[in-house]
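The primary structure of each chain is shown beneath.
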Amino acid sequence: MQKQNKLATFEEAVLPHLDAAYNLAHWLTRNDTDAEDVVQEAYLRAFKFFGGFHGADGRSWLLAIVRNTCYTWMQHNRSPELSVPLDDELHEIESKDLNPEALLVQRADTLMVRQALEELPVEFREVLVLRELEEMSYRDIASITDLPLGTVMSRLARGRKRLQQALTNHMHAEVLS
Amino acid sequence: MSCQRAQELIHGYVDGELDLVRSLEVEEHIHGCEICARAYRSQTTLRSSLKGDSLYYRAPEKLQKRIQSSLRKEAKSEVSKRAFDRRWLTVGASLAFMLLIGVVVWRLVPRSIRPSGDELLAQEIVSDHVRSLQLENHRIDVISEDPHTVKPWFDGKLDFAPPVKDFSSQDFSLLGGRLEYLNNRTVAALVYGRRKHFINLFIWPSEQAGATGEMTTQRQGYNLIHWTSSGMNYWAISDLNSVELHEFAHLVQQGQ
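Residues numbered from 1 in each chain as written. Chains lettered and ligands numbered in written order. Predicted model: local features only at pLDDT ≥ 70, side-chain atom pairs only at ≥ 80, totals over all residues. Heavy atoms only, no water.

### Focus: the nonpolar core
Note the threshold: Only buried residues count toward a nonpolar core, which is a set of Ala, Val, Leu, Ile, Met, Phe, Trp, Tyr and Cys residues joined through side-chain atoms within 4.5 Å. For each residue, the accessible area found with a 1.4 Å probe, counting protein chains only, is set against the maximum for its type, and the residue is called buried under 20%, exposed over 50%, and partly exposed in between. Helix numbering and strand numbering both begin at the N terminus, where a helix is a DSSP run of H or I of at least 4 residues and a strand a DSSP run of E of at least 2. We call two residues in contact whenever any of their non-hydrogen atoms come within 4.5 Å of each other.
Residues A:Phe10, A:Val39, A:Tyr43 and A:Leu163 are the most contacted members of the largest nonpolar core, which totals 62 residues. The element contributing the most residues to this core is helix α4 (residues 58–77) of chain A, with nine residues. With near-sequence residues (within four places) excluded, A:Phe10 lies in contact with A:Leu15, A:Tyr43, A:Ala46, A:Phe47, A:Phe50, A:Trp61 and B:Leu71. Formed by 40 residues, the second largest nonpolar core is a distinct cluster that contains B:Trp204, B:Met232, B:Leu245 and B:Ala249.

### Points about the interface of chain A and chain B
We count it as follows: Definition used for salt bridges: Asp or Glu carboxyl oxygen within 4 Å of a side-chain nitrogen of Lys or Arg. Definition of a polar contact: a pair of N or O atoms within 3.5 Å, with one able to donate and the other able to accept a hydrogen when the atoms are protein atoms, and with sequence-neighbouring residues admitted only if both atoms are side-chain atoms. Here the term charged refers only to Asp, Glu, Lys and Arg, the term nonpolar to Ala, Val, Leu, Ile, Met, Phe, Trp, Tyr, Cys and Pro, and the term polar to all other amino acids, Gly among them.
In this complex, chain A contributes 47 residues to the contact, which on the side of chain B involves 38 residues. Between the two partners, chain A and chain B, sit 10 salt bridges. Between A:Glu36 and B:Arg66 there is a salt bridge; the shortest N-O distance is 3.3 Å. On inspection of chain A and its partner chain B, the count reaches 24 residue pairs in polar contact (both at pLDDT 80 or more). Those elements that place two or more of their residues in the side of chain A that touches chain B are α1 (2–14), α2 (18–29), α3 (32–48), α5 (95–107), α6 (110–119), α7 (122–133) and α9 (149–176) of chain A. Top contributing element to the side of chain A that touches chain B by residue count: α3(A), with eight residues. Taken together, the residues of the side of chain A that touches chain B break down into 22 nonpolar, 10 polar and 15 charged.

### Here we look at the packing of α3(A) against α4(A)
Residue and element names in this part refer to chain A. Filter applied, for reference: In this description, a line fitted to the C-alpha atoms serves as the axis of each element, helices being fitted only across the stretch in contact, and the angle between N-to-C directions of two axes falls anywhere from 0 to 180 degrees. To sort the angles, those under 35 degrees are grouped as roughly parallel, those over 145 as roughly antiparallel, those from 65 to 115 as roughly perpendicular, and the leftovers as oblique. Take the far helix as the reference: if the near one is turned anticlockwise from it by less than a right angle, the crossing is left-handed, and if turned clockwise, right-handed.
One way to put it is that α3 packs onto α4 with a least axis distance of 9 Å and a crossing angle of 125 degrees. It follows from the interaxial angle that α3 and α4 lie oblique. α3 and α4 meet at a crossing whose hand is right-handed. Residues Asp34, Val38, Glu41, Ala42, Tyr43, Arg45 and Ala46 of α3 lie in contact with α4, whose contacting residues are Trp61, Leu62, Ile65, Val66, Asn68, Thr69, Cys70, Thr72 and Trp73. Taken together, the residues of the contact of α3 with α4 break down into 10 nonpolar, three polar and three charged.

### Brief notes about the pairing of strand β6 (residues 222–229) of chain B
Residue and element names in this part refer to chain B. Operational definition: Between any two strands, at least two bridges found by DSSP are needed for them to pair.
Burial within β6 is extensive, with eight of its eight residues counted as buried. Going residue by residue along β6, you find Tyr222, Leu224, His226 and Thr228 tucked away on one face and Asn223, Ile225, Trp227 and Ser229 tucked away on the opposite face as well. Both strand β5 (residues 212–219) and β6 contribute to a ladder of six bridges, which runs antiparallel. Residue pairing across strands places Thr217 opposite Leu224, the latter belonging to β6. Here β5 folds back onto β6 in antiparallel fashion, the turn holding two residues, of which Gln220 has a positive phi close to 50 degrees. Across seven bridges, β6 lies against strand β7 (residues 232–238) in antiparallel orientation.

### Structural notes on the confidence of the model for chain B
Residue and element names in this part refer to chain B. Going by this rule: Scored between 0 and 100, pLDDT is the confidence that the predictor attaches to each residue.
Predicted confidence across chain B gives a mean pLDDT of 87, with 96% of residues reaching 70 or more. Least confident of the elements in chain B is strand β1 (residues 142–143), whose mean pLDDT is 82; most confident is β7, at 93. Confidence metrics for the complex model read pTM 0.57 and ipTM 0.83.

Have a look at this one:
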């Protein structure tokens with residue numbers, strides 16, 4: 001009876017967020033099979049620790065577990081991705097350079113955007129995915145990534161900047177070819 | 001608001017994370033500043049290029065089934081593990097409870113029922129006594145009525161010198177002595193006769209220096225008297241009535 005209760009409650013609270021879990025896992029692992037494995041493992045972990053879940057937001061709770069599972073998984077299965085150097089302040093807030101490219105970005109197609117986002121360092125990718133695709137608040141992103149709010153904001157700003165630049169470069173390459 | 005500040009806040013503005021006052025300030029600035037307005041537009045453009053379903057990875061249907069079945073398996077193993085734990089807990093609790101009961105009973109049971117060291121020793125003495133009666137000569141290794149013969153006989157056979165006295169004048173005559181193994185050591189056994197009764201008197205050094213009073217018990221029809229004095233344990237056993245055996249015990253104690 002207890003088993004039925006726990007499983008039923010868990011499925012009701014957490015299973016609806018399967019797409020969100022898979023989306024995040026896919027963007028972090030950049031691979032179908034890996035994403036599936038990670039999500040399954042994350043669900044099992046979540047189920048084990050479901051006793052500790054008392055909040056109302058099952059999605060944030062699950063995504064934090066998915067993220068941790070991804071990172072653990074990547075540590076075991078891949079060479080660590082290059083982390084962002086601390087002096088990554090190059091070209092920061094230089095609006096004049098950006099503006100002409102805005103129009104180019106507008107014409108970028110989905111495939112290009114996907115590729116550009118995939119190529120971003122994982123630290124920027126995850127906050128962008130949570131913000132743009134999951135439409136989560138800064139506060140939720142901070143709790144999922146276990147980062148201070150200010151770091152979330154600056155990573156978002158820098159991630160967008162890099163994404164814009166990447167898209168512009170793609171467009172330029174396209175125009176030239 | 002400076003352009004620098006405005007562009008710092010643009011992300012928060014685009015994301016709807018600014019409070020109302022800030023939000024209005026940024027909006028006002030954008031309206032009056034072409035550069036920041038462009039920066040704003042480039043952000044909204046970028047955002048719109050990320051919007052839409054096309055970038056969102058939906059979980060394949062089989063994944064949900066896979067997860068559900070693995071969850072079911074996990075739930076089942078959790079339950080059986082809990083049941084297993086509970087079973088062992090029950091076993092452990094029962095054992096602890098039984099132990100507790102045992103201790104309580106042990107404490108509550110009167111001392112007389114509990115076999116003590118003395119009880120076991122008395123049993124051993126009765127057995128020795130009975131065995132000695134079954135044998136010819138009542139197993140007397142040194143047959144003599146003379147204490148000066150019996151006492152030296154023990155020399156070199158024991159690590160102590162038992163007091164040997166004859167009480168023939170009181171009608172308890174010394175018949176002899178032998179070695180006996182009792183209480184995990186070799187002890188002296190003196191045999192006395194009274195009419196047709198035999199008395200075995202076992203003697204060995206006591207660990208306690210002091211004297212204790214006589215303790216009388218009855219076992220299998222035999223009377224036993226035990227006392228300690230002058231650093232020696234004494235056990236007298238006989239089928240003699242307890243009054244006469246006491247008389248004997250007093251003689252032994254006085255005779256030392």
